[in-house]
Amino acid sequence: MNHQSENSRKLNEFFNEEYASLKTYVSSKVKASTSMGPEDIIQDVALKLFTGADRYSPINNVAGFVYRALKNKVIDVLRSSKKNSIDYETQNENKLIEFASIIYESADNSYPEEMKEALKTAIISLKTNYRNVIIAIDFEGYTYKEIELETGIPIGTLMSRRHRAISLLYKKLKPKKEIIN
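Residues numbered from 1 in each chain as written. Predicted model: local features only at pLDDT ≥ 70, side-chain atom pairs only at ≥ 80, totals over all residues. Heavy atoms only, no water.

S.K.: Account for helix α6 (residues 128-139), with residues named and values stated.
M.R.: Between its terminal C-alpha atoms α6 stretches 15 Å, which fits the 16 Å expected from 12 residues at 1.5 Å a residue. What α6 keeps buried is the set Y130, V133, I134, A136, I137, D138 and F139. Positive phi appears at G141, one or two residues downstream of α6, with a value of about 75°. (Helix = DSSP H or I, 4+ residues; strand = E, 2+ residues; numbered from the N terminus. Expected span 1.5 Å × (residues − 1). Buried < 20%, exposed > 50% of the residue type's maximum accessible area, 1.4 Å probe, protein only.)

Next up, the structure:
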């Protein structure tokens, strides 16, 4: 079995079995006033770990690996926590830029209009299962747990779909990035 499927399987099992404990752990570290809630933090870390699963050597201590990543994310969130109320339009624009940073991996975080348009078009063209999970998680702010309760689809499946959707978007948009830059 290759590292990717083995690491992904281990991460999947761990997040499914330990979700409540992870949430308790993160809740104990972040105050209600922080910009991200515990579920957002867990999702963010899960995405990064699943996205990178095939780049890591085999993960032996999954718990240590996940908790270390969570601890680092909590530190980042606490560091950058500032309460601002931004209008809905700006918020969506920011989410698109945030999402573009996952796909385009640009260091300076400046994304020309055509890149944002290409991203929107690519998201719309995804298969329904993939498109729905990206929109729900990245743009509407639902947690995996909320979607699971709503749809009955296990968290692990949702995470896998989102990971797959992101790799499809990446493949679709990588050539465009090179043309635009």
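S.K.: Residue-level account of the pattern of salt bridges, with values.
M.R.: By the definition in use, this model includes six salt bridges. Note that R9 and E6 form a salt bridge whose closest N and O atoms lie 2.7 Å from each other. Taken together, the positions of R9 and E6, both in helix α1 (residues 3-29) and three residues apart, correspond to about one turn of that helix. Exposure remark for R9: the relative accessible area of 35% places this residue in the partly exposed category. By relative accessible area, E6 is classed as partly exposed at 22%. We note a salt bridge from D44 to K48, for which the minimum N-O separation is 3.0 Å. Residue D44 and its partner K48 are both found in helix α2 (residues 38-52); the two are separated by four residues, about one turn of the helix. (Salt bridge = Lys/Arg side-chain N within 4 Å of Asp/Glu carboxyl O.)

S.K.: Which residues make up the packing of aromatic side chains, and what values go with them?
M.R.: Counted under the stated rule, the structure contains four aromatic pairs. Look at F14 and Y67: their rings are 6.2 Å apart centre to centre, the planes differ by 85°, and that puts the pair in the edge-to-face class. Of the two residues, F14 is situated in helix α1 and Y67 in helix α3 (residues 62-80); the sequence distance between them amounts to 53 residues. The exposure class assigned to F14 is buried, which follows from its relative accessible area of 11%. (Phe/Tyr/Trp six-rings, centres within 6.5 Å; stacked < 30°, edge-to-face > 60°.)

S.K.: Give me α2: which residues, what numbers.
M.R.: For α2, spanning 15 residues, the distance from its first C-alpha to its last is 21 Å, which sits close to the expected 21 Å at 1.5 Å a residue. Counting buried residues along α2, 11 of its 15 residues qualify, which places the element largely inside the surrounding structure. All buried positions along α2 are accounted for by E39, I41, I42, Q43, D44, V45, A46, L47, L49, F50 and G52.

S.K.: Go over the nonpolar core, please, and point to the residues and values.
M.R.: Formed by 45 residues in total, the largest nonpolar core has its most connected members in L11, F15, I41, L49, V66, L70 and I134. Of all the secondary-structure elements, those providing two or more residues to this core are α1, α2, α3, α5 (113-124), α6, α7 (144-151) and α8 (155-180). Look past the residues within four positions of L11 in its chain and what remains in contact with it is L49, F50, A53, I59, V62, F65 and V66. (Core = buried A, V, L, I, M, F, W, Y, C linked by side-chain atoms within 4.5 Å. Contact = heavy atoms within 4.5 Å.)

S.K.: Please provide a residue-by-residue account of the side chain of N12, values included.
M.R.: Mapped onto the fold, N12 is located in helix α1. Look past the residues within four positions of N12 in its chain and what remains in contact with it is F50, G156 and S160.

S.K.: An account of the environment of T51 is needed here, citing residue identities and associated values.
M.R.: Mapping T51 onto the fold places it in helix α2. Its relative accessible area of 24% is what places T51 among the partly exposed residues. As a C-alpha pair, T51 and S160 span 109 residues in sequence and 9.4 Å in three-dimensional space.

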